[in-house]
Amino acid sequence: MTHLVVLGLDSREDAERVIALTDDLAKQQLLQREDAAYAYKDAKGKVRIHQSINLTGAGAASGALWGTLIGLIFLNPLAGFAVGAASGAVAGKLTDVGINDDLIKQVGQELQDGHAAVFLLARSATVDRVVDALKPFSPTIIQTNLTKEREEELVEALQS
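Please read all numbers here as calculations on a predicted model, not as lab measurements.

With that settled, the discussion passes to the environment of L21. Note on placement: L21 falls in helix 1 (residues 12-27). According to the relative accessible area criterion, L21 is buried, its value standing at 19%. L21 sits 109 residues away from V130 along the chain, and the two C-alpha atoms are 9.4 Å apart. Those residues in contact with L21 that lie beyond four places of it in its chain are A133, L134 and F137.

See below:
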């Protein structure tokens with residue numbers, strides 16, 4: 001089962017550091033992260049979202065490869081490359097996996113200016129080590145899909 005945890009942070013820079021930290025924790029096998037993103041409001045009050053998985057780029061690369069191969073069959077690999085890359089990018093842009101984009105936008109709208117929210121979707125974690133790594137950022141729990149008891153334990157652990 002995957003668990004979603006949304007953390008409130010004091011700044012966009014802290015959010016970027018937490019995302020990088022979760023990358024490191026994943027490399028150390030302390031966190032099995034399926035997806036991560038962060039949201040913040042820019043100077044004009046518009047919600048900006050940064051996701052760890054770029055489906056548009058992956059779709060374009062895959063589409064370009066398949067388009068080139070199909071283009072070779074019809075003796076026009078450049079046209080196949082262009083059409084494949086464009087259609088792959090569109091397909092990647094329209095695909096939504098991991099954390100729901102609507103949830104990210106909704107939480108982002110509620111942020112105070114200058115603050116950020118980090119969204120972590122994880123399959124498993126060595127909870128005590130992950131909590132210890134996150135403590136220096138003084139995050140607040142905005143939302144989780146944990147049980148009430150587990151959520152209270154997490155809040156307590158982050159505040160101590």
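Picking up where we left off.
This paragraph deals with the nonpolar core. In this structure, V118 and L134 are the most contacted members of the largest nonpolar core, which totals 23 residues. At the level of secondary structure, the elements contributing two or more residues to this core comprise strand 1 (3-9), helix 1, strand 2 (31-41), strand 4 (116-125), helix 5 (127-134) and helix 6 (148-159). In terms of residue count, the dominant contributor to this core is helix 1 (5 residues). Setting aside chain neighbours within four positions, we find V118 in contact with V5, V6, L7, L9, A15, V18, I19, A37 and Y38. Ranked by size, the runner-up nonpolar core spans 13 residues in total, among them A37, L103, V107 and A117.

A word on the packing of helix 1 against helix 5. Where helix 1 meets helix 5, the axes come as close as 11 Å, and the angle between the chain directions of the two elements is 150°. Viewed along their axes, helix 1 and helix 5 adopt a mutual orientation that is roughly antiparallel. Every pair of crossing elements has a handedness; the one defined by helix 1 and helix 5 is right-handed. Listed contacts from helix 5 to V18, L21 and L25 of helix 1 are V130, A133 and L134.

Take the pattern of salt bridges next. Enumeration over the complete set of coordinates arrives at 7 salt bridges. Of the charged contacts, one joins R123 and E34 as a salt bridge, the two residues approaching to 2.9 Å between their closest N and O atoms. Taken together, the positions of R123 in strand 4 and E34 in strand 2 put the pair 89 residues apart, joining distant regions of the chain. Of the charged contacts in the structure, one is a salt bridge between D132 and K135, with a shortest N-O distance of 4.0 Å.

Rules of the game
- Residues numbered from 1 in each chain as written.
- Predicted model: local features only at pLDDT ≥ 70, side-chain atom pairs only at ≥ 80, totals over all residues.
- Heavy atoms only, no water.
- Helix = DSSP H or I, 4+ residues; strand = E, 2+ residues; numbered from the N terminus.
- Buried < 20%, exposed > 50% of the residue type's maximum accessible area, 1.4 Å probe, protein only.
- Contact = heavy atoms within 4.5 Å.
- Core = buried A, V, L, I, M, F, W, Y, C linked by side-chain atoms within 4.5 Å.
- Axes fitted to C-alpha atoms, helices over the stretch in contact; angles between N-to-C directions.
- Parallel < 35°, antiparallel > 145°, perpendicular 65-115°, else oblique.
- Left-handed = near helix turned anticlockwise from the far one by under 90°.
- Salt bridge = Lys/Arg side-chain N within 4 Å of Asp/Glu carboxyl O.

Without other data, these values stay purely geometric and don't point to any function.
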